[in-house]
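# Fold and contact review
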Amino acid sequence: MTTINLTVNGKAVSVDVEDRTLLVHLLRDHLNLTGTHVGCDTSQCGACVVHVDGRAVKSCTMLVGEADGTSVTTIEGLAQGDQLHPMQAAFRDNHGLQCGFCTPGMIMSAIDIVKRHGGKLDEATVRHELEGNICRCTGYHNIVKSVLDAAGRMNLANAAE
Amino acid sequence: MGIEGIGARVTRKEDRRFITGKGRYVDDVKVYGATHAHFVRSPHAHARVKGIDTAAAEKMPGVVAVLTGREIVDDKVGNLICGWMIHSKDGSPMKMGAYPALAPEVVRYVGQAVAVVIAETKNQARDAAEAVVVTYEELPAVVNVKAAIAPGAPQLHPEAPGNIVYDWSLGDEAAVNDAFGKAANIVKLDLVNNRLAPNAMEPRAALAQYDAAEEHFTLYTTSQNPHVARLVLSAFYNIAPEHKLRVIAPDVGGGFGSKIFIYPEEMVALWAAKRVGRPVRWTGDRTEAFLTDANGRDHVSTAEMAFDKDNRILGLRVKTYANFGAYMSLFSSSVPTYLYATLLSGQYDIPAIYAEVLGVYTNTSPVDAYRGAGRPEASYLLERTMETAARQLKVDPGELRRKNFITQFPHQTPVIMAYDTGDFVASLDAAMKAIDYAGFAARKEKARKEGKLRGIGFSCYIEACGIAPSKAVGSLGAGVGLWESAEIRVNPVGTIEVLTGSHSHGQGHETTFCQLIADRLGVPIEQVSIVHGDTDKVQFGMGTYGSRSLAVGGSAIVKAMEKIEAKAKKIVAHQLEASEDDIVIENGEFKVAGTDKTMAFANVALAAYTAHNLPDGMEPGLKESAFYDPSNFTFPAGTYICEVEVDPGTGKTSFVNFVAADDFGRLVNPMIVEGQVHGGLTQGIGQALLEHAVYDDSGQLLTASFMDYAMPRADDVPSYDLHHTTTLCPGNPLGVKGCGEAGAIGASAAVINAITDAIGTNKLDMPATPDRVWHAIHAA
Ligand code: FES
Ligand code: FES
């Protein structure tokens, strides 16, 4: 057993877990943050993506020890009260989700993509960058639309700041 | 149409919980004192279980119990069933071997469960499972259909000699022989429809609880049809009678058919929950999904088509070998028979059709319905044959199809189906225009100069959806009726709960069904809730598959709404002292036509519950239910045209354009319909280019992870150009046909027809990987 101290969605938490625990299980099983999903066992699907110190990470590939001392944001931590993050709103407005299982990971990855590419995002780049996130429902068409739409909204928001 | 009524692109009500991480899937449900199950699975494709030593595992930390097939037999838990009886040509019933939830004596595919460890934590269960020692005596295995029926092949079940489940046929063999005798041209094609893993992104899961005081079970499970699950678990597996078993399918992360069936894991979880006196939880991992989820397709076929001298089709002869895997899954028997051969007429006027299907056992995981179920196989076979015919007869593929289209409706095909309506010319024209077919030759030439091979491929599909008229499927062997139920509860304040037996696992029922209410009663969708997926709330229902939810489930809602409306009108007429016939509904208000007398819907609801002033003899309350049994299947149809470019140096295919023109009848929410088509097309393209579940000759699954099984990713597929043509379905009150499977049914043939056009050879099977395409180019 190990004690892990980290910040999750802005709150400091301290949890005693087995050393072999993965970050995704810490979130789901110990902190009851079940919005982060597990869709595979080979780090391929991206259903588990969260932000660790501001970067998109597959939380199924990270042992809790590596997450000690970090600041983690999950899908539950994105909206400010009733105010959705522009990426969340874009997924809803563009029908970027169906069953919703891949969606939290998609949204977390997509925010990271927009942050890294800023205004220079086009369809081909989005498709290439989403390679690590599998969706079985949407055929990606509306996910790509959502990400491009959100990129516009996020850039506008940044410009206004 | 109102802003929330039929035809409106309403954003989805359910999305808020999903985009904020508040969806509630089975693995998210927490219950006090839950234990965790981990299954011990066979590493062999075929073996005798000589012994299972659980002693070491039982002593491991946290272990609550280790259970095997012995205990299953001792407790008289039933075997898994197949719910659709098929009779062979000779009239004999299909031949099935027993399918136990934990194999007590023989394992027949890699991954079959032989024991289960129940422990305090997931990791403890997993650790202890490694300490269970199973002694196997390996037996020879067979994975290929043709090898399985060869003399001397390993035999799977004593009940099914030669590994043959059935030898079935449909159609008039003599008439087809006649047609071929008269033919000016005959086109023949051998085809493989590749085996697929369904891969809903949420793995299957179960959480079972037993309440000893009430002798009552609760099962949370990833199901597309929780009532059918309860029925089967009760009637056949001796778990509990229906009134003592509640099945809940909460948010479910995709199904595509794979979550229709009852699997060993949920049966074992229920049974074990009572045995150990604690809740039992199981969530599959992806490798387990690859090993044990019912796979799709897996046909080997030969098609022969006879044409007269004017290129009109005279007849079609089909022989198909269907791989069922090692056991017959719940609806498997119907897939390569009544869901397949009945669609072999496609969009064409074919006077004579004869199809023979041999259902075969092999040492692979069970095969059952996967998005489209039988209809993609029919469509692929027919549309590749048509394209091949056009090339052989040297005519334009669009024109050959057009010449043979059915244009008069209703149309009775020689293979059971009676098409009610359609306009195949309209969808062909729409797709040809959208892809600029006229300009293709110039584009191909330009690409050639750049060293690329350009090709274009058609696929004109039809499907039978709205599954299904109960009497019709009953006469064909189905063990259940396929109607749907709805109940509408209007609360005293005018809010509405709609209870439906359909289940949404991505389809957006919480929005679409509300739109039906908004359209008719004018109640804003925010004041309507859709209740589904819980057998304690919804009395009964058949669930969601076969593109049936709107055509069948939606029609049940309409029927219940008609009753609500009729009663409400009586109340209004009584209170406003008008004639019932003069009451109309406008913008959520009941009105006496031609007057300014009105009554708001909420006031009508309140009046129904206060019951202070109701017509004489009227019961209080405003709640109605309906069962809707369709009179026919529905027949969505359309044309897909795909334009590709193949790099002759690498064999890699890239998309230039993909156009879809679908006729789904009336669209309730076009945004959701488009999403269904995008998803279906991507699964069809996945089958055509990427996906293949592969077993080696010893029965080991080579594609048991996302590292080895190529799922379509965002950069594998194009953006789609969608179009709609419309003929309203005359068979249901909404005029809808269903849209969930079309993409998966029609897309793969369009892709392969385009690639084979590009590379100039017809010898190519799915998935058309760069390696296969490169070899096809160089073999030609
Ligand atoms: S669960 Fe992390 S990538 Fe699939
Ligand atoms: S929405 Fe279902 S997997 Fe993406």
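Residues numbered from 1 in each chain as written. Chains lettered and ligands numbered in written order. Predicted model: local features only at pLDDT ≥ 70, side-chain atom pairs only at ≥ 80, totals over all residues. Heavy atoms only, no water.

## Considering the sheet that holds strand E28 (residues 721-724) of chain B
Residues and elements named next belong to chain B. Across the sheet, 4 strands lie side by side as E18-E26-E27-E28; this open sheet has mixed pairing. The sheet is open, and its two borders are formed by strand E18 (453-462) and E28, each paired with just one other strand. Looking at each pair of strands side by side, their axes are set apart by 15 degrees on average, direction ignored. Pairing geometry for strand E27 (residues 653-663) and E28, over 4 bridges, is parallel. Following the sheet pairing, Ala-661 is matched in E28 by His-723. Here helix H18 (residues 670-689) sits on the sheet in contact with strand E26 (637-646), E27 and E28, set at roughly 135 degrees to E27. (Pairing = 2+ DSSP bridges. Helix = DSSP H or I, 4+ residues; strand = E, 2+ residues; numbered from the N terminus. Axes fitted to C-alpha atoms, helices over the stretch in contact; angles between N-to-C directions. Contact = heavy atoms within 4.5 Å.)

## Things to note about unusual backbone geometry
Here Phe409(B) and Pro410(B) are connected by a cis peptide whose omega angle stands at -5 degrees. Relative to the helices and strands, Pro410(B) is located in the loop between helix H11 (397-404) and strand E16 (411-412). For the bond running from Ile467(B) to Ala468(B), omega is 0 degrees, close enough to zero to count as cis. Positionally, Ala468(B) belongs in the loop between E18 and helix H14 (470-475). Despite not being glycine, Tyr140(A) shows a phi value in the positive range, around 70 degrees. Topologically, Tyr140(A) is positioned in the loop between helix H5 (123-129) and helix H6 (141-160).

## Focus on the domain arrangement of chain B
Residues and elements named next belong to chain B. Per the domain assignment, the segments of chain B are domain 1 (15-20 + 483-628), domain 2 (31-139 + 202-253 + 259-292) and domain 3 (375-462 + 633-779). Taking the mean C-alpha position of each, domain 1 and domain 3 sit 40 Å from one another. Taken together, the contact pairs 15 residues of domain 1 with 16 residues of domain 3. Summing both sides of the interface, domain 1 and domain 3 together bury roughly 1100 Å²; the carbon and sulfur share of this comes to 63%. For the domain 1 face of the interface with domain 3, the top three residues by lost area are Ser-547, Leu-550 and Ala-551, together amounting to 36%. Along the contact surface separating domain 1 from domain 3 lie 0 salt bridges. Counting every contact that joins domain 1 to domain 3 gives 5 residue pairs in polar contact (both at pLDDT 80 or more). Looking at the side of domain 1 that touches domain 3, the elements that each hand over two or more residues are helix H15 (509-521) and helix H16 (549-575). Classifying every residue of the side of domain 1 that touches domain 3 by side-chain character gives 5 nonpolar, 10 polar and no charged. (Domains from an automatic or database assignment. Buried area = accessible area lost by both parts, 1.4 Å probe. Salt bridge = Lys/Arg side-chain N within 4 Å of Asp/Glu carboxyl O. Polar contact = N/O pair within 3.5 Å; in protein donor to acceptor, adjacent residues only side chain to side chain. Nonpolar A, V, L, I, M, F, W, Y, C, P; charged D, E, K, R; others polar.)

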